[in-house]
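Below are the chains, spelled out letter by letter.
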Amino acid sequence: MELLTGIVLSGAHGIYEVYTDQGKLRCTLRGKLKKAFAEAARGRSVRGKATGPLARQQRAEAEVATLPSRLSVGDRVKVRRLDAETGLIEEVLPRQSELARRDVGSRESNPRAQTLLANLDQVVIVFATTQPEPHFGMLDRYLAICEHAELHPIICLNKVDLPHDKSVEETAALYQQLGYTVLWTSCETGQGIEQLRELLKGHITLFTGPSGVGKSSLVNALEPGMAVRTGMVSSATGKGRHTTTSSQLYPLSSGGWLADSAGIRALAAWNIPEEELASCFVEFRPYLGECFYSDCLHVDEDNCAIRQAVKDGLINERRYQSYVRMLKEEER
Ligand SMILES: Nc1nc2c(ncn2[C@@H]2O[C@H](COP(=O)(O)OP(=O)(O)OP(=O)(O)O)[C@@H](O)[C@H]2O)c(=O)[nH]1
Ligand SMILES: [Mg+2]
Ligand SMILES: [Zn+2]
């Protein structure tokens, strides 16, 4: 029988809900996979070079397990359908990325850390044009984390229906010049919602941003009835949801998946080594390697190409200050 390709939406107690083009299936792991996972967890897995975002995050470790030590939400799998509602997971496809639970403050990622979310590839960073006023320093922080994690960021400025300060437009223009996608949306008028829906198709996307900017409202605007459906998802396994350890994906009817808040916590705890921070500010990149000191951190060193570029107006002063602030946070 032909295998179906699917994506793991949730999992608890060895039962995984897998989304396939033939609907959702309640799945268990094939015995052989279960055994391989158990061995990987004991550290006897086949080790190999990781590729892509994983490699970048875990460069220090040089090598990581190719086979994850457990199946995670977001993993793409091959499933053998057993009946209308159930299936058997036969194969796990290689991960493109992973967000792991980590000790806050620890600089190194632990290769055995529990993966909260696999294959996340996009982040929508939501701010309101007003109420609350946008905090662009926080936007810079999220953008830097996205650059480091190799996640595609989309800047979403919501509540565009409300009268707001002209400076918001000016600052938004700066991010557009840097090459970032800036989307203006309103849950009141529907402006930008269709564009946002298009950008989510085929991606696993996380929504993040401060409280009150309209993240939940945007999700509701994108997918009316989402709240109802998510309630059904948790009852489908017949078990309580263990929200402290597990995350969940929500399929969008127009295509794509939304990641829930467990991903936000992992992303917020993302640490960037200080020597890698400058390259996470995209406009710094042309100047890297031009400083007098090869280990220049671009703060108070002489003959710093980055600081010269700020002086010459080639790098925005406020963005540079965001860099310095993040560098100091990382030092703590
Ligand atoms: N005028 C206007 N109000 C909005 C818009 N989007 C959301 N709001 C309002 O802003 C308030 C906060 O919206 P939420 O969707 O709860 O914000 P959130 O980002 O999910 O907040 P947290 O869950 O606390 O992180 C609500 O009163 C919404 O009705 C918008 O586009 N325009
Ligand atoms: Mg909310
Ligand atoms: Zn420098």
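Values in this document were obtained by computation on a predicted structure and should not be read as measured data.

(A) Local environment of helix H5 (residues 193-200). Within H5 the residues assigned to the buried category are Ile193, Leu196, Arg197 and Leu200. One side of H5 holds all its buried residues, which, seen down the axis, span an arc of 100°. Immediately beyond the C-terminal end of H5, within one or two residues, lies Gly202, with a positive phi of roughly 80°.

(B) Up close: the packing of helix H3 (residues 136-149) against helix H4 (residues 166-177). Viewed as axis vectors pointing N to C, H3 and H4 meet at an angle of 15°, and their least axial separation amounts to 12 Å. It follows that H3 is roughly parallel to H4 by the angle criterion. Our pair here, H3 against H4, has a crossing hand that is right-handed. Across from Phe136, Leu139, Asp140 and Leu143 in H3, the residues of H4 making contact are Val168, Thr171 and Tyr175. Of the residues that constitute the contact of H3 with H4, the class distribution is five nonpolar, one polar and one charged.

(C) How the structure looks around the site of ligand 1. In the neighbourhood of ligand 1, 15 residues make up the surrounding shell, with Asp161, Cys187, Ser211, Lys215 and Ser217 lying closest. In the model, a nitrogen atom of ligand 1 is placed 2.8 Å from a nitrogen or oxygen of the Asp161 side chain. In this structure, Ser216 approaches ligand 1 through a main-chain N or O atom, which is 2.9 Å from an oxygen atom. About the coverage of ligand 1: the protein hides 65% of its 660 Å² of free accessible area.

(D) Looking closely at the coordination of the zinc ion (ligand 3). Donor atoms from the polypeptide that coordinate the zinc ion (ligand 3) comprise Cys291 (SG), Cys296 (SG), His298 (ND1) and Cys304 (SG), at 2.0 to 2.4 Å from the metal. Relative to the metal, the four donor atoms surrounding the zinc ion (ligand 3) lie at angles of 102 to 114°, and the coordination shape comes out tetrahedral. Here the donor residues for the zinc ion (ligand 3) map to a single chain with the spacing C-x4-C-x1-H-x5-C.

(E) Geometry of the packing of aromatic side chains. Considering all chains together, one arrives at seven aromatic pairs under this definition. A ring pair is formed by Tyr19 and Trp257, whose centres lie 6.3 Å apart and whose planes are at 90°; its orientation type is edge-to-face. One end of the pair, Tyr19, is in strand E2 (residues 15-20); the other, Trp257, is in strand E15 (residues 257-259), with 238 residues separating them in the sequence. Looking at Trp257, the relative accessible area reads 13%, which means it is buried. One aromatic cluster in this structure is built from Phe281, Phe284, Tyr320 and Tyr323.

(F) Region of interest: the sheet that holds strand E7 (residues 86-92). Overall, mixed pairing links the five strands, which are arranged E1-E2-E3-E7-E6 in a closed barrel. The average undirected angle you get between the axes of adjacent strands in this sheet is 50°. Inspection of the sheet shows strand E6 (residues 76-81) paired to E7 by five bridges, in the antiparallel sense. Looking at E7, one finds that Val79 is bridged to Ile89. Across the face of the sheet, helix H1 (residues 31-41) comes into contact with strand E3 (23-29) and E7 while running at roughly 50° to E7.

Each value, and the rule that gives it
- Residues numbered from 1 in each chain as written.
- Chains lettered and ligands numbered in written order.
- Predicted model: local features only at pLDDT ≥ 70, side-chain atom pairs only at ≥ 80, totals over all residues.
- Heavy atoms only, no water.
- Buried < 20%, exposed > 50% of the residue type's maximum accessible area, 1.4 Å probe, protein only.
- Helix = DSSP H or I, 4+ residues; strand = E, 2+ residues; numbered from the N terminus.
- Arc of directions from axis to C-beta.
- Axes fitted to C-alpha atoms, helices over the stretch in contact; angles between N-to-C directions.
- Parallel < 35°, antiparallel > 145°, perpendicular 65-115°, else oblique.
- Left-handed = near helix turned anticlockwise from the far one by under 90°.
- Contact = heavy atoms within 4.5 Å.
- Nonpolar A, V, L, I, M, F, W, Y, C, P; charged D, E, K, R; others polar.
- Near = heavy atom within 4 Å.
- Polar contact = N/O pair within 3.5 Å; in protein donor to acceptor, adjacent residues only side chain to side chain.
- Areas by Shrake-Rupley, 256 points an atom, 1.4 Å probe, with all protein chains shown as cover.
- Donors = N, O, S within 2.8 Å, 3.2 Å for Na, K, Ca; no water.
- Tetrahedral: all angles 85-135°; square planar, octahedral: opposite > 155°, others 65-115°.
- Phe/Tyr/Trp six-rings, centres within 6.5 Å; stacked < 30°, edge-to-face > 60°.
- Pairing = 2+ DSSP bridges.

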